[in-house]
Amino acid sequence: VNDTTQFGVAITAEDGRTRLVVEERGIPVDQLAGHGAGWQAHVEDLAAHLRGEPVADWAARWQALTPDYAQLPVSDLPVSG
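Here we summarise the structure given alongside this text. (Residues numbered from 1 in each chain as written. Predicted model: local features only at pLDDT ≥ 70, side-chain atom pairs only at ≥ 80, totals over all residues. Heavy atoms only, no water.)

Quick look at the overall build of the chain
The number of helices and strands found in the chain is two helices and two strands. Ordered by position in the sequence, the α and β elements of the chain form the string β-β-α-α. A total of 81 residues make up the chain; the buried ones form 12% of that total. Surface exposure of the chain reaches about 6500 Å², of which carbon and sulfur atoms provide 56%. (Helix = DSSP H or I, 4+ residues; strand = E, 2+ residues; numbered from the N terminus. Buried < 20%, exposed > 50% of the residue type's maximum accessible area, 1.4 Å probe, protein only. Areas by Shrake-Rupley, 256 points an atom, 1.4 Å probe, with all protein chains shown as cover.)

Observations concerning the pattern of salt bridges
Summed over all chains, the structure comprises four salt bridges. Ionic pairing is found between glutamate 14 and arginine 19, a salt bridge with its closest N-O pair at 2.7 Å. The exposure class assigned to arginine 19 is partly exposed, which follows from its relative accessible area of 41%. Its salt-bridge partner being glutamate 44, residue arginine 61 comes within 2.7 Å of it at the nearest N-O pair. Residue arginine 61 is found in helix α2 (residues 58-70), and its partner glutamate 44 is found in helix α1 (residues 32-50); the two are separated by 17 residues along the sequence. (Salt bridge = Lys/Arg side-chain N within 4 Å of Asp/Glu carboxyl O.)

Topic: the packing of aromatic side chains
Where two aromatic rings form a pair, the distance of their centres and the angle of their planes describe that pair. Under the counting rule described, the total for this entry stands at two aromatic pairs. Centre to centre, the rings of phenylalanine 7 and tryptophan 39 are 5.4 Å apart; their planes meet at 20°, and the pair counts as stacked. You can see phenylalanine 7 sitting in strand β1 (residues 6-14) and its partner tryptophan 39 sitting in helix α1, a full 32 residues away along the chain. Ring centres of tryptophan 58 and tryptophan 62 lie 6.1 Å apart, and the angle between their planes is 15°; this geometry places the pair in the stacked category. Pair noted here: tryptophan 58 and tryptophan 62 are both in helix α2, with a separation of four residues, about one helical turn. By relative accessible area, tryptophan 58 is classed as partly exposed at 31%. Of the residues examined, tryptophan 62 reaches a relative accessible area of 28% and is grouped as partly exposed. (Phe/Tyr/Trp six-rings, centres within 6.5 Å; stacked < 30°, edge-to-face > 60°.)

Re the side chain of aspartate 45
One can find aspartate 45 in helix α1. Buried within the structure, aspartate 45 lacks any salt-bridge partner; its nearest side chain of opposite charge belongs to arginine 61, at an N-O separation of 7.5 Å. Within the structure, the side chain of aspartate 45 is placed 3.1 Å from the backbone nitrogen of alanine 56, a separation counted as a polar contact. With residues up to four places along the chain from it excluded, the contact list for aspartate 45 reads Val55, Ala56 and Trp58. (Lys, Arg positive; Asp, Glu negative; His and termini not counted. Polar contact = N/O pair within 3.5 Å; in protein donor to acceptor, adjacent residues only side chain to side chain. Contact = heavy atoms within 4.5 Å.)

Next comes the structure, spelled out in structure tokens:
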């Protein structure tokens, strides 16, 4: 675990719906794909739960998503200092 990671969540009402914003900072670049895939899998599970549907096999979904996240460019990401 990276002890410099910072995590924040904001939940707001928006046009009769709820917006969830999750922000995690301080992730080493070589771990970004895994974190992105993990958050997507968790949010998909949350959405399924709220619809009353069964959640997916998280590990399988994470493994399926990670290669796509690994292909995203990181050169445009903001760098905090």
